[in-house]
Amino acid sequence: MAGEPQADCLFCKIVAGEVPATVVRETETTVAFRDINPQAPTHVLVIPKAHYADAATLASAAPGLAADVLREAGEVASEDNAESYRVVFNTGSGAGQTVFHAHAHVLAGRGLQWPPG
Ligand code: AMP
Ligand code: ZN
């Protein structure tokens with residue numbers, strides 16, 4: 001069912017505390033933790049606790065929860081004193097999505113090239 005935990009999902013396991021993560025913020029509906037392979041001094045993943053495969057699926061099924069994720073992305077950047085930051089939702093394997101539980105990458109702390117690669 002939409003939003004239910006998936007047994008084979010790494011990020012559902014992080015939500016459940018079954019896989020360790022460096023959690024920087026947690027709300028009733030979201031968790032934010034440092035990316036294990038950081039691409040910038042600040043590289044934090046913000047996820048909804050509920051499982052949705054990608055950002056658009058999340059926004060369609062639970063728009064308030066999608067807003068929670070975006071708001072938390074801003075809070076993470078502000079806690080790392082980042083005035084400028086980038087929020088990325090890789091969607092689909094061709095765009096580099098490897099974990100099919102919606103997540104926002106929050107990147108900051110270095111020059112961020114535009115357009116991105
Ligand atoms: P994506 O490639 O957009 O699906 O993003 C998945 C991200 O999860 C990658 O940047 C990985 O480095 C990161 N990642 C994978 N496993 C872990 C983990 N156990 N803890 C934190 N981040 C992880
Ligand atoms: Zn999941």
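As shown above, the structure is provided for reference.
Since we're looking at a predicted model, the values are computed, not measured.

(A) Representation of the coordination of the zinc ion (ligand 2). At the metal site, the zinc ion (ligand 2) is ligated by Cys-9 (SG), Cys-12 (SG), His-51 (ND1) and His-101 (ND1), and these contacts range over 2.1 to 2.3 Å. For the zinc ion (ligand 2), the four donor atoms are set out with angles of 107 to 115° between them, so the coordination reads as tetrahedral. The sequence pattern formed by the donor residues of the zinc ion (ligand 2) is C-x2-C-x38-H-x49-H. On the criterion of sequence distance, the pair formed by Cys-9 in the segment before helix H1 (10-16) and His-51 in the loop between strand S3 (42-48) and helix H2 (55-61) is long-range, its members being 42 residues apart. Accessibility classification places Cys-9 together with His-51 in one group, the buried group.

(B) Local environment of the site of ligand 1. Every one of the 15 residues lining ligand 1 counts as a neighbour, but Asp-35, Asn-90, Gly-96, Thr-98 and His-105 are closest to it. Ile-36 places a main-chain nitrogen or oxygen 3.2 Å from a nitrogen atom of ligand 1. The contact in question runs from an oxygen atom of ligand 1 to an N or O atom on the side chain of His-105, over 2.8 Å. For ligand 1, the protein covers 84% of the area, taking 510 Å² as the surface of the free molecule. A majority-of-atoms criterion places ligand 1 in the largest pocket. Mapped by element, the contributors of at least two residues to the shell around ligand 1 are H1 and strand S2 (30-34). Across the shell around ligand 1, the residue classes tally to six nonpolar, seven polar and two charged.

(C) Representation of the pattern of salt bridges. Tallied over the full model, the rule gives five salt bridges. Across the pair Arg-25 and Glu-72 runs a salt bridge, and its minimum N-O distance is 2.6 Å. Within this pair, whereas Arg-25 is found in strand S1 (residues 23-26), its partner Glu-72 is found in helix H3 (residues 63-79), the two being separated by 47 residues in sequence. Per residue, the accessibility class of Arg-25 equals that of Glu-72, and both read buried. Across the pair Asp-80 and Arg-34 runs a salt bridge whose closest N-O atoms are separated by 3.1 Å. Taken as a pair, Asp-80 in the loop between H3 and strand S4 (86-88) and Arg-34 in strand S2 lie far apart in primary sequence, 46 residues in all.

(D) Just the nonpolar core, in detail. Within the largest apolar cluster, 17 residues are counted, with the highest numbers of intra-cluster contacts made by Val-46, Leu-58, Val-76 and Val-106. Of all the secondary structure elements, the ones that give two or more residues to this core are S3, H3 and strand S5 (104-108). For this core, the leading source of residues is H3, giving six residues. If we ignore the near neighbours within four places in the chain, the residues touching Val-106 are Thr-42, His-43, Val-44, Val-46, Ala-73, Val-76, Ala-77, Tyr-85 and Arg-86. Residues Cys-9, Cys-12, Val-31 and Ile-47 belong to the second largest nonpolar core, which totals nine residues.

Conventions adopted
Residues numbered from 1 in each chain as written. Chains lettered and ligands numbered in written order. Predicted model: local features only at pLDDT ≥ 70, side-chain atom pairs only at ≥ 80, totals over all residues. Heavy atoms only, no water. Donors = N, O, S within 2.8 Å, 3.2 Å for Na, K, Ca; no water. Tetrahedral: all angles 85-135°; square planar, octahedral: opposite > 155°, others 65-115°. Helix = DSSP H or I, 4+ residues; strand = E, 2+ residues; numbered from the N terminus. Buried < 20%, exposed > 50% of the residue type's maximum accessible area, 1.4 Å probe, protein only. Near = heavy atom within 4 Å. Polar contact = N/O pair within 3.5 Å; in protein donor to acceptor, adjacent residues only side chain to side chain. Areas by Shrake-Rupley, 256 points an atom, 1.4 Å probe, with all protein chains shown as cover. 1 Å grid on protein atoms, 1.4 Å probe; cavity = no way out; pocket = protein on both sides within 12 Å on 5 of 7 lines; lining within 4 Å. Sits in = over half its atoms within 2 Å of the grid points. Nonpolar A, V, L, I, M, F, W, Y, C, P; charged D, E, K, R; others polar. Salt bridge = Lys/Arg side-chain N within 4 Å of Asp/Glu carboxyl O. Core = buried A, V, L, I, M, F, W, Y, C linked by side-chain atoms within 4.5 Å. Contact = heavy atoms within 4.5 Å.

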